[in-house]
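Architecture at a glance
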Amino acid sequence: MNNDSNISKVKLYGRPNSPEAYEIRDFLKRSVVEFDWIELTCDEDCYRELGFASVEELRLPIVELVDGSQMFAPTVREVAQQLGWVTQPKFKEYDLSIYGAGPAGLSAAVYAASEGLRTILIERYAVGGQAGSSSLIENYLGFPEGVSGADLAEKARQQAVKFGIELLILREGVKAEFRNNRIYVDMANDSKMVARANICATGVEYRRLNLPNEDRFLNRGVFYGAGASEAQLCSNKHIFVIGGGNSAGQAVMYFSQYAEKVTMLVRNNNLAASGDRYWWFASWIVYRSFTVFYWLAGRCLRTFSPSSQQSGRGRGFTTRCS
Ligand SMILES: Cc1cc2nc3c(=O)[nH]c(=O)nc-3n(C[C@H](O)[C@H](O)[C@H](O)COP(=O)(O)OP(=O)(O)OC[C@H]3O[C@@H](n4cnc5c(N)ncnc54)[C@H](O)[C@@H]3O)c2cc1C
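Read on for an overview of the structure.

Calculation notes
- Residues numbered from 1 in each chain as written.
- Predicted model: local features only at pLDDT ≥ 70, side-chain atom pairs only at ≥ 80, totals over all residues.
- Helix = DSSP H or I, 4+ residues; strand = E, 2+ residues; numbered from the N terminus.
- Buried ≥ 20, exposed ≤ 12 C-beta atoms within 10 Å, placed from the backbone.
- Contact = placed C-beta atoms within 7 Å.
- Near = placed C-beta within 6 Å.
- Nonpolar A, V, L, I, M, F, W, Y, C, P; charged D, E, K, R; others polar.
- Domains from an automatic or database assignment.
- Pairing = 2+ DSSP bridges.
- Axes fitted to C-alpha atoms, helices over the stretch in contact; angles between N-to-C directions.

1. Side note on the overall build of the protein chain
Helix and strand counts for the protein chain stand at eight helices and 15 strands. By the burial criterion, 33% of the 322 residues in the protein chain qualify as buried. A separation of at least 24 residues holds for 57% of the contacts in the protein chain among residues at least 6 apart in sequence.

2. A look at the site of the ligand
By nearness alone, 30 residues border the ligand, and Gly100, Gly102, Ala104, Gly129 and Gly203 come closest of all. Residue assignment for the shell around the ligand shows that the elements contributing at least two residues are helix H4 (103-114), strand S6 (119-123) and helix H7 (246-256). Looking at side-chain class alone, the shell around the ligand contains 10 nonpolar, 16 polar and four charged residues. Two domains each donate at least three residues to the shell around the ligand, and these are domain 2 (94-200) and domain 3 (234-320).

3. Description of the sheet that holds strand S9 (residues 182-187)
Taking strand neighbours across the sheet as the criterion, the six strands line up as S7-S6-S5-S10-S9-S8 in an open arrangement whose pairing is mixed. Bordering the open sheet on either side are strand S7 (166-169) and strand S8 (173-179), each of which pairs with just one other strand. On average, each strand axis in the sheet is inclined to that of its neighbour by 40 degrees, with strand direction left out of account. Bridge count for S9 against strand S10 (residues 192-200) is four bridges, and the pairing is antiparallel. The residue bridging Tyr184 from the neighbouring strand is Val194, located in S10.

4. What to know about the pairing of strand S1 (residues 10-14)
With respect to burial, S1 is a largely interior element, four of its five residues being buried. As judged from the five bridges shared by S1 and strand S2 (residues 35-39), these two strands associate in the parallel manner. Looking at the pairing, Leu12 lines up with Trp37 of S2. As judged from the three bridges shared by S1 and strand S3 (residues 62-64), these two strands associate in the antiparallel manner. Bridging from a neighbouring strand, Lys11 pairs with Glu64 of S3.

5. Observations regarding unusual backbone geometry
The bulk of non-glycine residues show a negative phi, and the bulk of peptide bonds are trans. The linkage connecting Leu60 with the following residue, Pro61, adopts the cis geometry, with an omega of -5 degrees. Position of Pro61 relative to the elements: it lies in the loop between helix H2 (43-50) and S3. Of note, the phi angle at Leu170 is positive, near 55 degrees, even though the residue is not glycine. The residue Leu170 is located in the loop between S7 and S8 in this model. Judged by C-beta crowding, with 20 C-beta atoms within 10 Å, Leu170 ranks as buried. The phi angle at Asn236 is positive, at roughly 65 degrees, despite the residue not being glycine. You can see Asn236 is positioned in the loop between helix H6 (214-217) and strand S11 (238-242). For Asn236, a count of 8 C-beta atoms within 10 Å gives the class exposed.

Structure, rendered in structure tokens:
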């Protein structure tokens, strides 16, 4: 056991490519909890870091909280519980219940609570929604330098809490019914939520690619929307980003700072067709090696690479695929 009592950050120990460790990393990153990720690849790592002789005998991942307490192979819910974030509703009935704590739900919560409505915000995972995985949002009002999605969400959460909302995380609404001018919602944990009005701000689900063996590699090589928590772990890796929209562009920019190489696969024949363009100009000026492959009906049309690696700026070059 590590007896160091001067722990100032949460520590997360686990094996590389562990989906369980990824889930906790992603949750902590979205929740703006500072943590160190410590990879255990062999018994020596295990002994040096934790004082246990064998990595095989440990239930990984391990979360070590700032008070030094350790959780072995915890779920995200257990970590959140230990951090004191899993709470019960205070009231039997609310003026407004909002499902989903992405930007839409958070905005609604701020405005409702600031008008004095008794408001509850219910989120099935972490505050921030899709925006929580964004490395740098540049087009939101009031952030001329841009802001990471997790920071934006945390600021919005603080603002909403300041106005008196209640926030329940890791809770999910599954079914709703209107009667007596009330909305009765069945929650996934078999409890009920009652409110006079309701907003569903539940966003979108990622459409899966349905690749062969996808489930086997999910969160251990194949990720949907990963970025903020993973990019720094990708030095010496070749990353493929699938998609040509704004989020994919942002991911390419971010991963290019850390990864050995980033390749973007785009199904249309140009980037502008599928999303915003602002990231595109910034990316070839600032970042390292990346290549975009344009695909149409399974055929590579052309590739694009920035020519800027020596000079730091340039027009890039395009190659037609044969
Ligand atoms: C990597 C990335 C980068 C992006 N960058 C930008 C950008 O730079 N600029 C920009 O304008 N947009 C950007 N976007 C898009 C932006 O994040 C979304 O448009 C925005 O998050 C949508 O907000 P929302 O609140 O409607 O939904 P979401 O963000 O999808 O949030 C919905 C929330 O509802 C929760 N939920 C779902 N069902 C339930 C349920 N039954 N009960 C309780 N909770 C539930 C989900 O867990 C989720 O947290 C980006 C998206 C991604 C993925």
